[in-house]
Amino acid sequence: PKAPLAIVMTRWHPDDLAGRVMAQEGIRTAGGRWELLHMPAIATEPDDPLGRSIGDPLPHPKIQEHDRAGALAHWENARNTNVPRDWFSMYQADPRPVEGAMVSGDILRQRRCYEFGTERPCAEANVVAVAIAPSGGGRDTAGIVGGYLGEDERLYVTHDWSERMKSEVWSRKACELAALIGADRFVIEKNYGGDLCQLAVRTAWVALAAEEQTERAAAIAEGRDPGELKYGPLIPRVVEVTARKNKILRAEPIAQQIIMDRMRFAAYLPAVEHQWQTFLPTSKESPGNLDACVYLGYDLLPMPASGGTQIQESPDQGVDLTRALSPSDGMMGGYGG
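Residues numbered from 1 in each chain as written. Predicted model: local features only at pLDDT ≥ 70, side-chain atom pairs only at ≥ 80, totals over all residues. Heavy atoms only, no water.

### Focus: the overall build of the chain
When you go through the chain residue by residue, the secondary structure sums to nine helices and nine strands. The buried share among the 337 residues of the chain stands at 46%. Accessible area for the chain stands at about 17,900 Å²; split by element, carbon and sulfur atoms hold 52% of it. (Helix = DSSP H or I, 4+ residues; strand = E, 2+ residues; numbered from the N terminus. Buried < 20%, exposed > 50% of the residue type's maximum accessible area, 1.4 Å probe, protein only. Areas by Shrake-Rupley, 256 points an atom, 1.4 Å probe, with all protein chains shown as cover.)

What follows is the structure, encoded as structure tokens:
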């Protein structure tokens, strides 16, 4: 009698034992029975029991107490060596449902058009782009997604280089991806930093071009083949987007494009697929991979033949998503040529 009861477990589903007792009997902060101690590998809440800020790593007994970079590298390695479902369950204690999200796993599997061991394109490319969802000060995931609009008017997502990084890192990686796939344009969310996002990309491109010229000059002087020029004097066109809508509202029309087979995945992109399959209106994280994928869709997918405008040019020549139509607005009607 009156003995304490503790539950310590790996949470693989929101409706597991821990989920049920909290739902049925409540937690103490809300007047319930159970005291919840939630210490994820990477802090996600402002009221963390250890006093950590969002994005801070969990201490590790074999890493010095004040070595934040070392602890963060340890947990990031765990994230990178586990599939997203395992990472969220085993390390974040935050199981993600696979039902009820915007796109089902079955649909996502049907939208794959790649073969392992081959780089054969799914369709001839008309326009190639790299979409960027910058991180807020480097704490959130910076989304970097590449893809192209095919001659069949489908969007093919080919690369996902998203990770948690600062502007000087994501801008450089975005340029490297653009050079790799021969991008015609960058599509950049300007919410974080405004024009500084565009400046970061242009600065990174100029720096990479200068480094390439130095390397080519050295190769020529040594009698080596300098290779093809990747970073020319002209940077790909920069299109800015302002994301003023709720993440779910702006993602739903693109999710519908996946369902309607107007958007496919031309490479193995587990993180992107996982976010489409699990992101819910109640989700707390900021899915940079999915955001970048959404911006890529809004920019490259053909405009509707009728039914309104889903992308509006703003006075500064950027792109305004404030009038992005939801499926109920008739956006998903027939497309023009």
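### What about the state of the cysteines?
Using the criterion set out here, one finds one disulfide in the structure. Across a sulfur-sulfur distance of 2.1 Å, Cys-113 and Cys-122 are joined as a disulfide pair. Negative torsions about the S-S bond denote left-handed disulfides, and the value of about 90° found for Cys-113 with Cys-122 makes this one right-handed. Overall, the relative accessible area of 21% leaves Cys-113 in the partly exposed class. (Disulfide = S-S within 2.5 Å.)

### Some words on helix 5 (residues 167–181)
An ideal rise of 1.5 Å per residue puts 21 Å on 15 residues; helix 5 measures up with 21 Å between its terminal C-alpha atoms. Among the residues of helix 5, Trp-170, Ser-171, Lys-173, Ala-174, Cys-175, Leu-177, Ala-178, Ala-179 and Ile-181 are the ones counted as buried. Buried residues along helix 5 sit in contact with strand 1 (125–133), strand 2 (141–150), strand 3 (155–160), strand 4 (163–164), strand 5 (185–189) and helix 6 (195–221). Following helix 5 by one or two positions, Gly-182 has its phi on the positive side, about 70°. (Expected span 1.5 Å × (residues − 1). Contact = heavy atoms within 4.5 Å.)

### Re helix 1 (residues 17–25)
Among the residues of helix 1, those classed as buried are Ala-18, Gly-19 and Val-21. Looking at where helix 1 begins, the residue whose side-chain oxygen comes 3.3 Å from the main-chain nitrogen of Ala-18 is Asp-16. (Polar contact = N/O pair within 3.5 Å; in protein donor to acceptor, adjacent residues only side chain to side chain.)

### Brief notes about the packing of helix 5 against helix 6
Their axes nearest at 8 Å, the elements helix 5 and helix 6 cross at an angle of 60°. In terms of orientation, helix 5 and helix 6 fall into the oblique class. Considering only the axes of helix 5 and helix 6, their crossing is right-handed. The residues of helix 6 that touch helix 5, namely those facing Trp-170, Ser-171, Arg-172, Cys-175, Glu-176 and Ala-178, are Cys-197, Ala-200, Val-201, Ala-204, Trp-205, Leu-208 and Glu-211. Residues that form the contact of helix 5 with helix 6 fall into these classes: nine nonpolar, one polar and three charged. (Axes fitted to C-alpha atoms, helices over the stretch in contact; angles between N-to-C directions. Parallel < 35°, antiparallel > 145°, perpendicular 65-115°, else oblique. Left-handed = near helix turned anticlockwise from the far one by under 90°. Nonpolar A, V, L, I, M, F, W, Y, C, P; charged D, E, K, R; others polar.)

### Points about the environment of Asn-126
By secondary structure assignment, the location of Asn-126 is in strand 1. With 27 residues separating them in the primary sequence, Asn-126 and Glu-153 have C-alpha atoms 8.7 Å apart. In this structure Asn-126 touches Leu-149, Gly-150, Glu-151 and Asp-184, once residues within four positions along its chain are discounted.

### Re unusual backbone geometry
The backbone phi angle of Glu-153 is positive, close to 65°, even though this residue is not glycine. As for its placement among the helices and strands, Glu-153 is situated in the loop between strand 2 and strand 3. Relative accessible area serves as the criterion here: at 24%, Glu-153 is assigned to the partly exposed category. Of note in this structure, Asp-261 is not a glycine but carries a positive phi near 65°.

### Digging into the pattern of salt bridges
Taken as a whole, this structure holds 19 salt bridges when the rule is applied. When the shortest N-O distance is used, the salt bridge between Glu-35 and Arg-28 registers 3.5 Å. A relative accessible area of 62% means that Glu-35 is categorised as exposed. Looking at Arg-28, the relative accessible area reads 55%, which means it is exposed. In the salt-bridge network here, residues are joined through shared partners; they are Arg-111, Asp-152, Arg-154, Asp-261 and Arg-264. (Salt bridge = Lys/Arg side-chain N within 4 Å of Asp/Glu carboxyl O.)

### Here we look at the packing of helix 7 (residues 247–259) against helix 9 (residues 288–300)
Between helix 7 and helix 9, the least distance of the axes is 9 Å, while the angle of their chain directions is 55°. On the basis of the axis angle, helix 7 is oblique to helix 9. Here helix 7 runs over helix 9; the crossing is left-handed. Facing helix 7, whose interface residues are Lys-247, Leu-249, Arg-250, Ala-251, Pro-253 and Ile-254, helix 9 presents Leu-290, Asp-291, Val-294, Tyr-295, Gly-297 and Tyr-298. Partitioning the contact of helix 7 with helix 9 into residue classes produces eight nonpolar, one polar and three charged.

### Examining the environment of Ser-171
Inspection of the secondary structure puts Ser-171 in helix 5. Of the residues examined, Ser-171 reaches a relative accessible area of 3% and is grouped as buried. Separated by 26 residues in sequence, Ser-171 and Cys-197 place their C-alpha atoms 8.1 Å apart. Residues contacting Ser-171, with those up to four places away along its chain left out, are Ala-200, Val-201 and Ala-204.

Read these as geometric descriptors, not functional statements.
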